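# Commentary on secondary and tertiary structure
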Amino acid sequence: MVNSYFMLPLHTHNKTSIYMKVNLNTFEELSTPYYILEEERLRHNLALIKDVAQKANVEIILAFKAYALWKTFPIFREYISSTTASSLGEARLALDEFGHKAHTFSPAYTDYEIDEIARCSSHITFNSLTQYNRYHNRVKAIDSSISLGLRVNPEYSEVGTDLYNPCAPGTRFGITADKLPKTLPADIEGFHCHCHCESGADVFARTLQHILDKFSPWFSQLKWLNFGGGHLMTRKDYDLPLLINTLNDLHKQYPHLHFIMEPGSAFGWQTGPLVSQVVDVVEDKGIRTAIVNVSFTCHMPDCLEMPYWPAVRGARTLEPANGDASVAPQGNHIYRIGGNSCLSGDFMGYWQFDHELKTGENIIFEDMLHYTTVKTNMFNGITHPTIAMADKDGNLKILRSFSPEDYKNRMD
C-alpha cells in the first residue's frame, strides 16, 4: 500500500502537490512504484510536433488511446488545439478536460451513447456505411455543424504485428474502395485512414501512394483527410523532412483538402520511466528471476501483447541462448524480471546488470508513459503505481496515487 502520507484526496480535481525532490537518474528517493512523466521531455515532443504541424500545414491532434493524463492537458493546450476520441469516455474527456470537442471515431456507435458522443464531438467518423445510414441524421439533428467522415481501408499496411495491423485481411476497420458509391452522401466531408503503428515517414510515403491509388477519385468531394495515428515523429531517427515534404507535395495536388494526423505515442514517446523496486530474487533450472512490485500484465501490457522487452536503465538486454527463452544466457548478474501478479507468464527477460540485485533497489523501465497508464488494470488487486510529473530540477508533483480502496471501489 502507498504510504498515506503521500496520498492525495480522490476529489482533488486539477490540483497537484510538490512533495519531494528526486534524482532523475536514479530515483533513489523512491521506495514504491511510480510512473514519472518528465515535463521537459514532454515539452520537447510537443514543440517538435507543433513545428511539424506549422511547416507541413497539417493539424496534429492527441489520440487519447495512447495518452490521456488529463492533468497535463494545460501543457498540451500551449501547443495543440484538439484531440481524438474513440469512445464516449474519451469524447467526454476531450470536452470536459481539454476544453474542445473531439474528432471521434468508433468501430460501432450505439443507440444509447451516440447522442452524448455527438454533443462532445466536432467530427464524427463512421466505420461503415450501415453505421452512417443509421446515425448520420441523428447526429446532424443534435448539431448540424458536426463534420461527418467515413473510415476507409486502403488494404495496405506495413505493420508487422497482426494485433496492431488495422488493414490485415478480414479487418473490421474501414470501407474498401469497391464498396463506396461513386457519389458520396452529401453530408460526408472527410475520409479517415489509419494504417500505421510507431512507423516512420518512409512508411507513410509508401502507404500514401496506396491511399491515393484507391481513394483519390473521391477527393474532389471531400474537405479533409485524416491519416490517423502511428506516425512516430518524435523518434530520434524519424525523417522529419520527408514527412514535411510529402505533406507539402500533397497540398500542391489537393489544395482544397485539410490534412489531419492523430498520433498518440509520438506525444508520450521517451517522456519518462516506470520506477519499480526488487522485492525478491528466485531461481529455477538455472534461471534467476528478480520479482518487482509492478506487473507486466497490469502496468506494461504492451510488452506482453506486442511483445517487446523494454529497456531497463543500467542493464543490457540479452537474447535468450540459441533463441530458447527457457535457457538463460551465460554470464554474471543475468536475470529475468518477474511481475507481482499470479499470471504465470507475467515475466520477461533477460537483462544483465553490473552487480547482484538486492531487495529494495530500483528497477527503472524506460519509456513507459504511452500505452501504459491508459491500458493498466487492477487484475489481482495489485496497487497501481503512483503517477507523478517531474520538472527539470527533479521536483515531483503527484498527479494521482492509489490504494487498495481503488480496487474495491471499481465495483461500486
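In this report, the structure presented in the accompanying data block is examined. Just so it is clear, the model here is predicted, and its values are computed rather than measured.

This brings us to the pairing of strand S11 (residues 258-261). A regular strand places its side chains so that they alternate between the two faces of the sheet. Note that strand S3 (residues 58-60) and S11 share three bridges and pair parallel. Across the sheet, residue Glu59 finds its bridge partner in S11, namely Ile260. As judged from the three bridges shared by strand S10 (residues 224-226) and S11, these two strands associate in the parallel manner. Within the sheet, the bridge partner assigned to Trp224 lies in S11 and is His258. Crossover S10 to S11 through helix H7 (residues 240-253) is right-handed.

To continue, consider the sheet that holds strand S9 (residues 188-192). Two pairing modes exist for strands in a sheet, parallel and antiparallel, and in both the strands are linked by backbone hydrogen bonds. Strand order across the open sheet formed by nine strands is S3-S11-S10-S9-S8-S7-S6-S5-S4, with parallel pairing between neighbours. Each edge of the open sheet carries a strand with a single partner, namely S3 and strand S4 (62-63). Examined bridge by bridge, strand S7 (residues 121-126) and strand S8 (residues 147-151) share four bridges and lie parallel to one another. Bridge assignment links Phe126 to a residue of S8, and that residue is Leu150. Where helix H3 (residues 88-98) meets the sheet, it contacts strand S5 (83-85) and strand S6 (102-106), and its direction lies at approximately 150 degrees from that of S5.

We now examine the nonpolar core. Among the nonpolar cores identified, the biggest contains 100 residues, and Phe76, Phe191, Phe219, Phe227, Met233 and Phe365 are the most heavily contacted of them. In terms of residues, this core owes the most to one element, helix H1 (residues 39-56), which gives seven residues. Residues within four places of Phe191 in sequence aside, it is in contact with Leu150, Val152, Leu180, Leu184, Phe215, Trp218, Phe219, Leu222, Trp224, Leu225 and Asn226. Leu30, Ile36, Ile364 and Leu396 belong to the second largest nonpolar core, which has 12 residues in total.

With that out of the way, let us pick up the side chain of Gln277. Summarising the element assignment, Gln277 is placed in strand S12 (residues 274-284). Of the residues examined, Gln277 reaches a relative accessible area of 3% and is grouped as buried. Among the polar contacts made by the side chain of Gln277, one reaches the main-chain amide nitrogen of Thr32 at a distance of 3.4 Å. If we skip the residues at most four places from it in the chain, Gln277 touches Leu30, Ser31, Thr32, Pro33, Ile291, Val292, Asn293, Gly360, Glu361, Asn362 and Ile363.

All right, on to the pairing of strand S2 (residues 34-38) then. Taken across its five residues, S2 has five buried, putting it largely inside the fold. Where S2 and S12 come together, two bridges link them in antiparallel fashion. Residue pairing across strands places Tyr35 opposite Leu274, the latter belonging to S12. As paired strands, S2 and strand S18 (residues 386-390) are joined by five bridges and run parallel to one another. Among the inter-strand pairings, Tyr35 is bridged to a residue of S18, identified as Ile387.

Our next topic: helix H6 (residues 201-215). Look at H6: 20 Å from first C-alpha to last across 15 residues, which is about the 21 Å you get at 1.5 Å a residue. Buried within H6 are the following residues: Ala201, Val203, Phe204, Thr207, Leu208, Ile211, Leu212 and Phe215. Taken around the axis of H6, the buried residues stretch over an arc of 165 degrees, which confines them to a single face.

Their axes nearest at 9 Å, the elements H1 and H7 cross at an angle of 30 degrees. Relative to H7, the element H1 lies roughly parallel. For the crossing formed where H1 meets H7, the hand is right-handed. Residues Leu48, Val52, Lys55 and Ala56 of H1 lie in contact with H7, whose contacting residues are Leu240, Leu243, Ile244, Leu247, Asn248 and His251. In the contact of H1 with H7, the residues fall into seven nonpolar, two polar and one charged.

Here the focus is the side chain of Glu366. By the secondary structure assignment, Glu366 is in the loop between strand S17 (362-365) and S18. At a separation of 2.8 Å, a polar atom in the side chain of Glu366 contacts the side chain of Arg313. Look past the residues within four positions of Glu366 in its chain and what remains in contact with it is Gly272, Pro273, Ala311 and Arg313.

All told, the structure shown has 23 salt bridges when counted by the stated rule. In this structure, the salt-bridge partner of Lys55 is Asp51, at a minimum N-O distance of 3.1 Å. You can see Lys55 and its partner Asp51 sitting in helix H1, four residues apart, about one turn around the helix. The partner of Asp406 in a salt bridge is Arg400, with the nearest N and O atoms 3.5 Å apart. The network of salt bridges with common partners includes Arg92, Asp96, Glu116 and Arg119.

Conventions used here
Residues numbered from 1 in each chain as written. Predicted model: local features only at pLDDT ≥ 70, side-chain atom pairs only at ≥ 80, totals over all residues. Heavy atoms only, no water. Pairing = 2+ DSSP bridges. Helix = DSSP H or I, 4+ residues; strand = E, 2+ residues; numbered from the N terminus. Right-handed = clockwise from strand over helix to strand, strands pointing away. Contact = heavy atoms within 4.5 Å. Axes fitted to C-alpha atoms, helices over the stretch in contact; angles between N-to-C directions. Core = buried A, V, L, I, M, F, W, Y, C linked by side-chain atoms within 4.5 Å. Buried < 20%, exposed > 50% of the residue type's maximum accessible area, 1.4 Å probe, protein only. Polar contact = N/O pair within 3.5 Å; in protein donor to acceptor, adjacent residues only side chain to side chain. Expected span 1.5 Å × (residues − 1). Arc of directions from axis to C-beta. Parallel < 35°, antiparallel > 145°, perpendicular 65-115°, else oblique. Left-handed = near helix turned anticlockwise from the far one by under 90°. Nonpolar A, V, L, I, M, F, W, Y, C, P; charged D, E, K, R; others polar. Salt bridge = Lys/Arg side-chain N within 4 Å of Asp/Glu carboxyl O.

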